[in-house]
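Architecture at a glance
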Amino acid sequence: NGFSVRVVQDPTLLMVMDVFHRIYLSDKLDKHLTIICPNQWPAAYSSVAEMLNRFNVSARNVDAFAMDEWADQDGNIAPITYEAGFAHSMIKYLYYQIDEKLRMPMENVHFPTNENIADYSKIINDISEGGADIASTSPGWAGHMAFVDPIPEFIGSGDIEEWLNQPAQIVKLHPMTIMQNSLNGTFGQSGDIANVPPKAATIGPVDVMRAKERIEV
């Protein structure tokens with residue numbers, strides 16, 4: 001109940017159009033917009049930036065949250081200098097590709113760090129005043145939302161309600177998630193699972209549940 005399904009040839013195009021249109025409305029109506037951004041998404045980020053520049057649309061009212069970020073075996077979250085990182089991708093392909101006069105303030109670009117991960121869900125909730133306007137996510141091979149897998153040994157319970165109410169946290173990645181991500185462009189589409197970090201900092205399903213609208217691809 002409350003959702004619709006569309007079969008399309010390329011969902012990325014629809015998501016790009018959706019993000020651009022929301023930013024356009026936030027500029028024209030001078031209205032705050034909070035978005036939870038999927039990763040990796042460099043081609044889509046570049047396309048959104050190009051459209052903002054071409055049509056002179058300002059992202060001044062936008063707070064953009066990266067959905068997740070890699071972490072090492074000790075739970076240390078990757079810095080923005082890590083070239084395979086999600087924050088690095090978001091800043092390089094979205095923020096810096098938007099014309100300087102049209103960009104959101106840098107402090108409006110949020111991503112998980114060692115310092116904020118314990119409060120990341122609260123930060124999203126506070127800035128958005130009760131939930132992001134839009135959260136765009138994709139379930140993984142093991143069924144994860146962001147990087148939180150609905151598998152008992154990875155969330156400590158087999159209860160779906162507990163999974164849905166998980167907040168932002170650092171998680172150990174399921175082997176299937178590591179395999180899936182080894183095929184991403186940032187890892188050379190190589191299948192080299194040793195290249196993929198073993199943990200990640202991630203929003204929780206609760207952040208998606210709170211969002212006013214959701215797109216799952």
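A brief structural summary.

Attention now moves to the sheet that holds strand S7 (residues 199-202). By definition, the strands of a sheet pair up through backbone hydrogen bonds, in either a parallel or an antiparallel sense. Pairing is antiparallel in the open sheet, where three strands are placed in the order S3-S7-S6. Where the open sheet ends on each side, the last strands, each with one partner, are strand S3 (68-71) and strand S6 (169-172). Strand after strand, the sheet turns through a mean of 30° between neighbouring axes, direction not considered. Sheet analysis places S6 next to S7, joined by four bridges and oriented antiparallel. Residue pairing across strands places Lys172 opposite Lys199, the latter belonging to S7.

Moving on, we come to the pairing of S7. With four bridges connecting them, S3 and S7 associate as antiparallel partners. Paired with Trp70 across the two strands is Ala200, which belongs to S7.

With that settled, the discussion passes to unusual backbone geometry. Its identity as a non-glycine residue notwithstanding, Asn56 has a phi of 55°, on the positive side. Position of Asn56 among the secondary structure elements: in the loop between helix H2 (42-54) and strand S2 (62-66). Asn56 sits in the partly exposed class, given a relative accessible area of 45%. Of note in this structure, Glu129 is not a glycine but carries a positive phi near 55°.

With that settled, consider a nonpolar patch on the surface. Among the surface-exposed residues, Trp141, Met176, Met179, Leu183 and Ile193 lie close enough to one another that they form a single nonpolar patch of about 470 Å² accessible area. Relative to the helices and strands, Trp141 is located in the loop between strand S5 (134-137) and helix H5 (152-155).

Scanning the model with the defined rule gives one cavity of 30 Å³ or more in all. Within this model, the largest cavity holds a volume of roughly 80 Å³. Along the wall of the largest cavity there are 13 residues; nearest its centre are Val19, Ile35, Cys37, Trp41 and Tyr45. Among the elements of the structure, helix H1 (11-28), strand S1 (33-37), H2 and S5 are those that each provide at least two residues to the lining of the largest cavity.

Right, let's get into the environment of Ile151. As for its position among the elements, Ile151 is in the loop between S5 and H5. In sequence terms Ile151 and Gly188 are 37 residues apart; their C-alpha atoms lie 28 Å from each other. Residue contacts for Ile151: discarding those within four places in its chain leaves Ala142 and His174.

Summarising burial for S1: five of the five residues are buried, a large majority. By the alternation rule, side chains of S1 split into Leu33, Ile35 and Cys37 and Thr34 and Ile36, which are all buried. Across five bridges, the pairing between S1 and S2 is parallel. Residue pairing across strands places Cys37 opposite Ala66, the latter belonging to S2.

Our focus in this paragraph is the sheet that holds S5. The strand order across the open sheet built from five strands is S4-S2-S1-S5-S8, with neighbouring strands paired in parallel fashion. Since the sheet does not close on itself, it has two edges, and those belong to strand S4 (109-110) and strand S8 (214-216), each with one partner. Together, S1, S2, S5 and S8 form the strand contacts of H1, whose direction differs from that of S1 by roughly 160°.

Considering only enclosed or pocket space, the largest pocket measures out at about 840 Å³ in volume. Looking at the largest pocket, it is lined by 23 residues, and the ones nearest its centre are Phe3, Ser4, Arg214, Ile215 and Glu216. Those elements giving two or more residues to the lining of the largest pocket turn out to be H1, helix H8 (205-210) and S8. Broken down by element, the residue count for the lining of the largest pocket peaks at five residues, all from H1. When the residues that make up the lining of the largest pocket are grouped by side-chain class, the tally is 13 nonpolar, three polar and seven charged. The wall of the second largest pocket is formed by 23 residues, among which Pro38, Asn39, Gln40, Ser138 and Asn184 lie closest to the centre.

What counts, and where the lines are drawn
Residues numbered from 1 in each chain as written. Predicted model: local features only at pLDDT ≥ 70, side-chain atom pairs only at ≥ 80, totals over all residues. Heavy atoms only, no water. Pairing = 2+ DSSP bridges. Helix = DSSP H or I, 4+ residues; strand = E, 2+ residues; numbered from the N terminus. Axes fitted to C-alpha atoms, helices over the stretch in contact; angles between N-to-C directions. Buried < 20%, exposed > 50% of the residue type's maximum accessible area, 1.4 Å probe, protein only. Patch = residues over 30% accessible without salt bridge, like charges linked within 9 Å, V, L, I, M, F, W, Y side chains within 5 Å. Areas by Shrake-Rupley, 256 points an atom, 1.4 Å probe, with all protein chains shown as cover. Salt bridge = Lys/Arg side-chain N within 4 Å of Asp/Glu carboxyl O. 1 Å grid on protein atoms, 1.4 Å probe; cavity = no way out; pocket = protein on both sides within 12 Å on 5 of 7 lines; lining within 4 Å. Points joined across faces, edges and corners; volume = space filled by probe spheres on them. Contact = heavy atoms within 4.5 Å. Nonpolar A, V, L, I, M, F, W, Y, C, P; charged D, E, K, R; others polar.

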